[in-house]
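Fold and geometry: a report
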Amino acid sequence: MSDHASAGRTAGTIPPAEFATNTGLELMLKILGGELPPAPISVLLGYYLAEASEGRAVFRGTPSQNHLNPSGSVHGGWAATL
């Protein structure tokens, strides 16, 4: 992770009770605010939630050597995930 709100934070899963009492946007805002952890897959794939608002979520990331296919270009699955 780079210089963003998730840097240095431990990734994790969200307790089921949070899903029962919050909208998707509220959950995203809690992730941005540090109240909830970023998703473990975001660490693995090197991306992060950058902003969230009604009807919009922005994710940013930078691929690394771990995200290359055999031809040396970024694997399409990485881009499709974002």
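Numbering of residues begins from 1 in every chain and follows the order in which that chain's sequence is written. The predicted nature of this model means local features are confined to residues of pLDDT at least 70 and side-chain atom pairs, given and counted, to a pLDDT of 80 or more, with totals for whole chains, interfaces and linings taken over all residues. Side-chain metrics in this entry use all non-hydrogen atoms of the structure; hydrogen atoms and water are not considered.

Comments concerning the overall build of the protein
Which entries qualify depends on this criterion: Runs of H or I in DSSP of at least four residues are treated as helices and runs of E of at least two as strands, each being numbered from the N terminus. Burial here depends on accessible area, computed with a 1.4 Å probe over protein chains only, as a share of the maximum for the residue type. Under 20% is buried, over 50% is exposed, and the range in between is partly exposed. The contact definition used throughout considers only heavy atoms, calling two residues in contact when any of these lie within 4.5 Å. Areas reported as accessible are Shrake-Rupley estimates using a 1.4 Å probe. Residue values count occlusion only from the protein chains shown. Lys and Arg are tallied as positive, Asp and Glu as negative. Neither His nor the chain termini are counted. Where a charge sits is defined by one atom per residue type, namely NZ (Lys), CZ (Arg), CG (Asp) or CD (Glu).
When you go through the protein residue by residue, the secondary structure sums to four helices and two strands. Walking the protein from its N terminus toward its C terminus, one meets helices and strands in the order α-α-α-β-β-α. Relative to its 82 residues, the protein shows a buried fraction of 23%. Contacts in the protein between residues at least 24 apart in sequence constitute 37% of all its contacts with a sequence separation of at least 6. Per element, the accessible surface of the protein, about 5,300 Å² overall, is 57% carbon and sulfur. A gap of 5 Å separates the mean positions of the 4 positive and 6 negative side-chain charges of the protein.

A few points about the confidence of the model for the protein
Where we set the bar: Per residue, pLDDT captures the predictor's confidence, and it can take any value from 0 to 100.
Overall, the prediction assigns the protein a mean pLDDT of 90, with 90% of residues at 70 or greater. By mean pLDDT, the top-scoring element of the protein is helix H2 (residues 24–33) (97), and the lowest-scoring one is helix H4 (residues 76–81) (91).

Things to note about the pairing of strand E2 (residues 56–61)
When a strand is regular, its side chains alternate between the sheet's two faces. How we decide: What makes two strands pair is DSSP finding at least two bridges between them.
Pairing of strand E1 (residues 47–53) with E2, which is carried by six bridges, proceeds in the antiparallel orientation. Bridge assignment links Ala 52 to a residue of E2, and that residue is Ala 57. Between E1 and E2, which follow one another and run antiparallel, lie two residues, and Gly 55 among them has a positive phi close to 75°.

Thoughts on the pattern of salt bridges
Spelled out, the test is: For salt bridges, the criterion is a side-chain nitrogen of Lys or Arg within 4 Å of an Asp or Glu carboxyl oxygen.
Evaluated as defined, the whole model comprises three salt bridges. Notably, a salt bridge pairs Glu 18 with Lys 30, separated by 3.2 Å at the nearest N-O pair. Residue Glu 18 is located in helix H1 (residues 16–21), and its partner Lys 30 is located in helix H2; the two are separated by 12 residues in the primary sequence. Residue Arg 60 is joined to Glu 51 by a salt bridge in which the shortest nitrogen-to-oxygen separation is 3.9 Å.

Remarks on the nonpolar core
For clarity, the cut-off: Only buried Ala, Val, Leu, Ile, Met, Phe, Trp, Tyr and Cys residues count toward a nonpolar core, and they belong to the same one when joined by side-chain atoms within 4.5 Å.
Core analysis: the largest hydrophobic core is formed by five residues, namely Ile 14, Leu 27, Ile 31, Leu 36 and Leu 49. Apart from the residues within four sequence positions on either side, Ile 14 is in contact with Phe 19, Leu 27, Ile 31 and Leu 36.

Some words on the side chain of His 67
Stated precisely, the cut-off is as follows: Polar contacts here mean pairs of N or O atoms no more than 3.5 Å apart (in protein, one a potential hydrogen donor and the other a potential acceptor; neighbouring residues in sequence count only if both atoms are side-chain atoms).
Here His 67 shows up in the loop between E2 and H4. Its relative accessible area of 9% is what places His 67 among the buried residues. A polar contact of 3.2 Å, which involves the side chain of His 67, links it to the backbone oxygen of Leu 44. Ignoring sequence-local partners within four residues, the contact set of His 67 consists of Leu 44, Leu 45, Gly 46, Ser 73, Val 74, His 75 and Trp 78.

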